[in-house]
Amino acid sequence: MVAAAVVQRSREGLKFTDTISWNEVLDLQPGVFDDEIDLPSEIKQIVPFLMENLPEELRSLIESTAYPFLSRHLSNSFGIWELPISPDSENLGSAMYPSASYFNHSCDPNITKVRRGRSVLFVTSKEISKGQELCISYGHTERQVEERQQVLRDWWGFNCNCPRCIKELKEIEFKKET
């Protein structure tokens with residue numbers, strides 16, 4: 001992936017390129033929230049490999065691309081997962097669509113992702129009122145609220161305060177009180 005990002009950066013400004021720009025990638029939220037991912041160590045392994053294997057004219061872009069790209073890829077990419085989804089599911093691939101990365105999460109989303117080849121379409125899944133925020137699910141909405149909350153904290157670094165979570169957490173608190 002880093003090699004592809006380096007190659008893409010080297011092609012910026014050329015007429016045949018219709019993909020995202022490096023500035024669009026840099027505009028995305030960086031983040032590494034999982035303690036199991038040691039991104040600096042991974043980059044220390046990736047950079048020497050790329051320096052040895054990429055053409056000399058691309059080498060000047062490797063170090064300045066690796067960390068910014070990977071940190072944004074981890075928090076902004078859409079994965080393709082082996083079905084059925086379980087803790088043992090394998091990630092079959094992923095892609096970064098910068099404009100789609102601006103959708104916020106809801107455990108009760110009103111739009112869904114539909115893949116068409118290498119493209120992703122976002123389609124409404126319920127009636128949407130004028131001015132209502134469009135939200136996707138970052139996954140695992142079938143789980144109980146505490147588990148969803150933990151996954152969202154661990155993988156995306158935020159506490160979900162969507163209407164569904166608020167309602168389910170209030171119900172749990174009410175049961176504890178009675």
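All figures in this text were calculated on a predicted structure; none of them were measured in a lab.

Draft legend 1. Representation of the confidence of the model for the chain within the structure. Taken residue by residue, the chain gives an average pLDDT of 85. The fraction at 70 or more is 92%. Confidence, read as mean pLDDT per element, is least for strand E1 (residues 77-81) in the chain (77) and greatest for strand E6 (residues 135-136) (94).

Draft legend 2. Local environment of the side chain of Thr 65. Tracing the chain through its elements places Thr 65 in helix H4 (residues 59-76). Leave out the neighbours within four places in its chain, and Thr 65 touches Val 2, Ala 5, Val 6, Arg 9 and Trp 22.

Draft legend 3. Representation of the packing of aromatic side chains. Counted according to the given criterion, the structure contains 3 aromatic pairs. A centroid spacing of 4.9 Å and a plane angle of 45 degrees characterise the contact between Phe 103 and Phe 122, whose relative ring orientation is tilted. In this pair, Phe 103 is assigned in the loop between strand E2 (91-96) and strand E3 (104-105) and Phe 122 in strand E5 (residues 119-124), connecting sequence segments 19 residues apart. Residue Phe 103 is classed as buried on the basis of its relative accessible area, which comes to 19%.

Draft legend 4. Quick peek at the pattern of salt bridges. Under the criterion given, the structure shown has 6 salt bridges. With a shortest N-O distance of 3.0 Å, Glu 168 and Arg 148 are connected by a salt bridge. One end of the pair, Glu 168, is in helix H6 (residues 163-177); the other, Arg 148, is in helix H5 (residues 145-156), and 20 residues separate them in sequence. Between Lys 167 and Glu 171 there is a salt bridge, with the nearest N and O atoms lying 3.7 Å from each other. One end of the pair, Lys 167, and the other, Glu 171, are both in helix H6, 4 residues apart, so they sit about a helical turn from each other. The class for Lys 167 is exposed, based on a relative accessible area of 54%.

The rules behind the values
- Residues numbered from 1 in each chain as written.
- Predicted model: local features only at pLDDT ≥ 70, side-chain atom pairs only at ≥ 80, totals over all residues.
- Heavy atoms only, no water.
- pLDDT = per-residue confidence, 0-100.
- Helix = DSSP H or I, 4+ residues; strand = E, 2+ residues; numbered from the N terminus.
- Contact = heavy atoms within 4.5 Å.
- Phe/Tyr/Trp six-rings, centres within 6.5 Å; stacked < 30°, edge-to-face > 60°.
- Buried < 20%, exposed > 50% of the residue type's maximum accessible area, 1.4 Å probe, protein only.
- Salt bridge = Lys/Arg side-chain N within 4 Å of Asp/Glu carboxyl O.

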